[in-house]
Amino acid sequence: MVSIKLSDPSRGFCGGALISNQYVLTAAHCFWEDGERIEKVGDIAVTVGAHYLRATEPEARDHEVAEIRIPRNFTKASNGFDIAVLKLKTKVKFSRRVRPICLPPDNSADDYAGQVAMVSGWGHTVQGGVDSPVLMEVPVLVWKNKDCYNSYMNTTTITSNMLCAGYRKGRRDSCHNDSGGPLMLRSNRTGRWVLIGVVSWGEGCAQPNYPGVYTRLSEYIKWIRKLITQSTRLLSTLSTVPDTAITTAPTTNTTTSHHVNITTITTTTDNPNDWWNSQPLTEICGRESNLNRVVGGRETRNGAHPWMVVIKRKGSSNWFCGGTLISNQYVLTAAHCFWEDGKLTEKAGNIAVTVGAHDLRATEPEARDNEVEAIGIPNDYTSSLHGLDIAVLKLKTRVKFSGRVRPICLPRHNSTDDYAGRVAMLAGWGLTKYPGTVSPVLQELSVHVLGYQKCDAIWNDYDFKLKSDMICTGGYKAGGKGVCRGDSGGPVMLKSKSTNRWVQIGVVSWGPKNCTKAGLPDVNTRVSEHINWICKQIY
């Protein structure tokens, strides 16, 4: 994703997508109106690597534009041909946060109808509203062009170089200042994102029976190829890689797949020692930011888990545990973070809790340190191996909730559900491998919940007896996935199918010394066993 700053702030801005280390794909109407160009090349800046536009982010960089290319037949967005290619003056350096998206094959026969695509941008969150400072995304259902034509037949004509996506009831859509941004489908086989459309126009935003209209990208691959090969002598050939299966999430509970090809632009690199910049785009296009995480996981989307907190010593940038907000003044975490050999190892006055954080290296607008007033630990707690490994921290001042700071839900007291076989989510800033270093950005990892008896039998072979308030995750035969040092106190979460809310079922407690030993599961505190105790701490 890129953000395109225009010369006139009153006109807003546009989105776009990197398709190589020097080219950006966006919409023509961002630069052209009433038959003439309204933006000069020298007045435009393209920001890459950004997420929160109001923050100073380490990898966000502005790039000047060398050229703007628009189809000769373009007049206005609703007449089609609404696509533009920007050539940057300098090449972008790829990294885990800056990468190109894959393109579809030329003149693909696939109309993508019935598939759920993703659209993203920093535009208005409601019609007539204001822009979002953080990058937003929303799933939208791709329509058949015939159905889209019928919806718009009284206003304009839907052509073959357009693509429509949205819902009959409205509610989800791109909006003002999302123009030029990507409409994407993801491969379930490779995990790659493929650009199928460019945000173009629509009847308002999220209006019933009026889907958003996008430029159908497969109709313009030859045009894009021609522009790029004309602009440089070094580079650039387009290659088709038949390795992507697009997975959709239709409105039913089933999932369907569809096979397409990927078209990518292969470029040279100025820095062959840099892995990202020494690979062909066929290798890196469309990949999410997914370095090794929580051990075997991935980096979370910024703000994906707004209840996550970091626990550290006041005045220090080094953290030692994670936790979760369960109200505007209370944090749930693990007792062993503060207790050892029968006594407290940390005093409340020496601890700070950071809320609203994602990248602990960056200065983030909503990240705030909060002092701790009290630490609550069960009276019978001795060590994590003996159970009761849970703690409640009371903050001195109440946290202000926002889009980035919010509490997680808790399960019912003494729930009989053992969650066995369910896929839960872990999150934390702990080691990404053992031995290794902690992660500066929040990580997440999907793991299976093991049944109590199965987990107990495994640990019995190592002379450990599980307690009734323990719940296990992972334990994969191949190893390589699990929590590690620094993740203690963090959550084990499940997403409710009925409410779509995250519920915390466990608190990270203990596990294998080397973090991800093959066959050995991680052990967590079962939250449902302690709901009454938690309530007593709060009330």
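The name that an unreviewed UniProt entry assigns to the chain is limulus clotting factor C, with the source organism given as Oppiella nova.

**A word on the state of the cysteines**
In this structure the tally under the stated criterion is five disulfides. C148 shares a disulfide with C164; S-S distance 1.9 Å. Every disulfide takes its handedness from the sign of the S-S torsion; for C148 and C164 that torsion is -70 degrees, giving left-handed. On the criterion of sequence distance, the pair formed by C148 in helix α1 (residues 145-152) and C164 in strand β11 (residues 162-166) is long-range, its members being 16 residues apart. With relative accessibility at 0%, the residue C148 sits in the buried group. Two residues, C455 and C472, share a disulfide whose sulfurs are 2.0 Å apart. One disulfide, between C455 and C472, carries an S-S torsion of -75 degrees and so falls in the left-handed class. Placement of the pair is C455 in helix α5 (residues 452-460) and C472 in strand β28 (residues 470-474), with a sequence separation of 17 residues. For the residue pair C455 and C472, the accessibility class agrees, reading buried in each case.

**Examining helix α6 (residues 531-538)**
The set of residues buried in α6 consists of I531, W533 and I534. Buried residues of α6, seen end-on, are gathered within an arc of 160 degrees and therefore sit on one face of the element. Where the residues of α6 are buried, they touch β20 (330-333), β24 (368-376) and β25 (391-395).

**Some thoughts on the pairing of strand β9 (residues 116-121)**
Across the six residues that make up β9, a large majority, six, are buried. Alternating residues of β9 divide into V116, M118 and S120 and A117, V119 and G121, and every residue in both groups is buried. Alignment of β9 against strand β10 (residues 136-142), held across six bridges, turns out to be antiparallel. Bridging from a neighbouring strand, S120 pairs with E137 of β10.

**Observations concerning the sheet that holds strand β19 (residues 319-325)**
An order of β18-β19-β20-β25-β24-β23 is seen for the six strands of this closed barrel, with the pairing classed as antiparallel. Adjacent strand axes in the sheet meet at a mean angle of 40 degrees when their direction is disregarded. As paired strands, β24 and β25 are joined by four bridges and run antiparallel to one another. Across the sheet, the residue bridging to G376 is V392, located in β25. Each of β20, β24 and β25 is contacted by α6, which is oriented at about 20 degrees to β25, the strand it contacts most.

**Thoughts on the packing of aromatic side chains**
The tally for this structure, following the rule as stated, stands at eight aromatic pairs. Cluster of aromatic residues (ring-pair linked, three or more members): W459, Y462, F464 and W510.

**Topic: the side chain of T354**
Topologically, T354 is positioned in strand β23 (residues 351-355). A relative accessible area of 8% means that T354 is categorised as buried. A polar contact of 2.5 Å, which involves the side chain of T354, links it to the side chain of D369. Among residues more than four places away in sequence, those in contact with T354 are M308, V309, V310, K312, A367, R368 and D369.

**Let's talk about unusual backbone geometry**
Despite not being glycine, R171 shows a phi value in the positive range, around 80 degrees. In this fold, R171 is placed in the loop between β11 and β12 (182-187). Given a relative accessible area of 70%, R171 falls into the exposed group.

**Topic: the environment of T416**
Structurally, T416 can be placed in the loop between β25 and β26 (423-428). Spatially, the C-alpha atoms of T416 and S528 are 8.9 Å apart, while their sequence positions differ by 112 residues.

**Quick notes on the pairing of strand β7 (residues 61-69)**
Pairing of strand β6 (residues 45-48) with β7, which is carried by four bridges, proceeds in the antiparallel orientation. Among the inter-strand pairings, T47 is bridged to a residue of β7, identified as D62. Bridging between β7 and strand β8 (residues 84-88) involves four bridges; their strand directions are antiparallel. Within β8, the residue paired with E67 across the bridge is K87.

**Focus on the pattern of salt bridges**
Going through the model one piece at a time under the given rule, you end up with 10 salt bridges. Put simply, K396 and E371 hold a salt bridge, and the shortest N to O gap is 3.2 Å. Residue K396 is found in the loop between β25 and β26, and its partner E371 is found in strand β24; the two are separated by 25 residues along the sequence. Residue classification places K396 among the partly exposed positions, given a relative accessible area of 47%.

**With respect to the sheet that holds strand β1 (residues 2-5)**
The strand order around the closed barrel formed by six strands is β1-β2-β3-β8-β7-β6, and the pairing between neighbours is antiparallel. Between one strand and the next, the sheet's axes are offset by a mean angle of 40 degrees, whatever the strand orientation. Alignment of strand β2 (residues 13-18) against strand β3 (residues 23-26), held across two bridges, turns out to be antiparallel. Across the sheet, residue L18 finds its bridge partner in β3, namely V24.

**Structural notes on the confidence of the model for the chain**
The predicted model of the chain averages 82 in pLDDT, with 83% of residues at 70 or higher. Note that pLDDT drops below 50 for residues 232-273; the model gives that stretch 119 contacts with residues more than four away or on any other chain.

**Some words on α1**
Of the positions making up α1, those classed as buried are C148, S151 and Y152. Down the axis of α1, the sector holding all buried residues measures 85 degrees, keeping them to one side. Contacts made by the buried residues of α1 are with β11, β13 (193-201) and β14 (212-216).

Conventions used here
- Residues numbered from 1 in each chain as written.
- Predicted model: local features only at pLDDT ≥ 70, side-chain atom pairs only at ≥ 80, totals over all residues.
- Heavy atoms only, no water.
- Disulfide = S-S within 2.5 Å.
- Helix = DSSP H or I, 4+ residues; strand = E, 2+ residues; numbered from the N terminus.
- Buried < 20%, exposed > 50% of the residue type's maximum accessible area, 1.4 Å probe, protein only.
- Arc of directions from axis to C-beta.
- Contact = heavy atoms within 4.5 Å.
- Pairing = 2+ DSSP bridges.
- Axes fitted to C-alpha atoms, helices over the stretch in contact; angles between N-to-C directions.
- Phe/Tyr/Trp six-rings, centres within 6.5 Å; stacked < 30°, edge-to-face > 60°.
- Polar contact = N/O pair within 3.5 Å; in protein donor to acceptor, adjacent residues only side chain to side chain.
- Salt bridge = Lys/Arg side-chain N within 4 Å of Asp/Glu carboxyl O.
- pLDDT = per-residue confidence, 0-100.

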